[in-house]
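Architecture at a glance
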Amino acid sequence: EFCGVPGVGKTQIGIQLSVDVQIPEIFGGLGGQAVYIDAEGSFMAERAADMAAAALSHLKSVASHPDADPDQQSSVAALQIDDFLSGIHVYSCHDYVQLLAVVNLLPDFIRSHPNIKLVVVDSIAAHFRHDFDDY
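All values reported here derive from a predicted model rather than from experimental measurement.

The rules we used
Residues numbered from 1 in each chain as written. Predicted model: local features only at pLDDT ≥ 70, side-chain atom pairs only at ≥ 80, totals over all residues. Heavy atoms only, no water. Phe/Tyr/Trp six-rings, centres within 6.5 Å; stacked < 30°, edge-to-face > 60°. Buried < 20%, exposed > 50% of the residue type's maximum accessible area, 1.4 Å probe, protein only. Helix = DSSP H or I, 4+ residues; strand = E, 2+ residues; numbered from the N terminus. Polar contact = N/O pair within 3.5 Å; in protein donor to acceptor, adjacent residues only side chain to side chain. Contact = heavy atoms within 4.5 Å. Pairing = 2+ DSSP bridges. Axes fitted to C-alpha atoms, helices over the stretch in contact; angles between N-to-C directions. Core = buried A, V, L, I, M, F, W, Y, C linked by side-chain atoms within 4.5 Å. Parallel < 35°, antiparallel > 145°, perpendicular 65-115°, else oblique. Left-handed = near helix turned anticlockwise from the far one by under 90°. Nonpolar A, V, L, I, M, F, W, Y, C, P; charged D, E, K, R; others polar.

Quick notes on the packing of aromatic side chains
- Enumeration according to the criterion identifies two aromatic pairs in this entry.
- Geometrically, the ring pair formed by Tyr36 and Phe43 is tilted, given 4.8 Å between the ring centres and 55° between the ring planes. The burial state of Tyr36 is the same as that of Phe43; both residues are buried.
- For the pair Tyr91 and Phe109, a centre-to-centre distance of 5.7 Å together with 85° between the ring planes defines the contact as edge-to-face. Of this pair, Tyr91 sits in strand E2 (residues 88–92) while Phe109 sits in helix H5 (residues 96–112); the two residues are 18 residues apart in sequence, bridging distant segments of the chain.
- When its relative accessible area of 29% is taken as the criterion, Tyr91 is described as partly exposed.
- Of the residues examined, Phe109 reaches a relative accessible area of 16% and is grouped as buried.

Focus on the side chain of Asp38
- With respect to the secondary-structure elements, Asp38 resides in strand E1 (residues 33–38).
- Within the local environment of Asp38, its side chain forms a polar contact with the backbone nitrogen of Glu40, the two atoms lying 3.3 Å apart.
- Apart from the residues lying within four places of it in its own chain, the contact partners of Asp38 are Phe43, Tyr91, Ser92, Cys93 and Asp122.

Details of the sheet that holds strand E3 (residues 116–122)
- Reading across the sheet, the three strands line up as E2-E1-E3 and stay open at both edges, with parallel pairing between neighbours. Strand pairing shows two members of the sheet lacking a second neighbour, E2 and E3, which therefore form its edges. Geometrically, the sheet is characterised by an average inter-axis angle of 15° between neighbouring strands, direction not taken into account.
- The pairing of E1 with E3 spans six bridges and is classified as parallel. Paired with Gln33 across the bridge in E3 is Ile116.

Here's the deal with the nonpolar core
- Grouped together as the largest cluster of nonpolar side chains are 20 residues, with contacts concentrated most on Val19 and Phe84.
- Those elements that place two or more of their residues in this core are helix H1 (10–20), E1, helix H2 (45–63) and E3.
- If one sorts the elements of this core by residue count, H2 sits on top with seven residues.
- Excluding residues within four positions of it along the chain, Phe84 makes contact with Val19, Gln22, Ala52, Leu56, Leu59 and Leu79.
- Of all hydrophobic cores here, the second largest spans nine residues; its members include Val35, Ile37, Cys93 and Leu99.

Observations concerning the side chain of Ser18
- You can see Ser18 is positioned in helix H1.
- There is a polar contact of 2.8 Å between the side chain of Ser18 and the backbone oxygen of Gly14.
- Ignoring sequence-local partners within four residues, the contact set of Ser18 consists of Ala34, Tyr36, Ile88, Leu118 and Val120.

Concerning the environment of Cys3
- The topology assignment puts Cys3 in the segment before H1.
- For the pair Cys3 and Leu59, spaced 56 residues apart in sequence, the C-alpha to C-alpha distance is 30 Å.

Concerning the packing of H2 against helix H3 (residues 70–77)
- Put simply, H2 and H3 touch, their axes get as near as 9 Å, and they point 150° apart. The angle between H2 and H3 places the two elements in the roughly antiparallel class. In the crossing of H2 with H3, the sense of the turn from one axis to the other is left-handed. Residues Leu56, Leu59, Lys60, Val62 and Ala63 of H2 pack against Gln72, Gln73 and Val76 of H3.
- Counted by class, the contact of H2 with H3 contains five nonpolar, two polar and one charged residues.

Here's what the structure looks like:
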């Protein structure tokens, strides 16, 4: 769980983890996919694409090292930014009813997509905190 005042980077961490969870196992990653439940309306595909491009650039750099495993070179040659983006399953929830519905359907989705290794909820409290005076 990450918490903090607005603007400290909680969403950025969630998006970064959604990209990083997809790093292939040959590079020491999980080679998985992510579910990103966006209750804040803050998920930006452009930002995810930027992070995916940076991750891909780093993987290419690692694979081009003289001591790199040849399997790393062939693995990274097939990777594209769109591969990272398609590995992030985004659900936008505009109210607490949608949020609860997605959370209730999540176990079935994960069973049908066994490669899911990460679930990000940004933010679980978003639709419930409006009743508090101190927000």
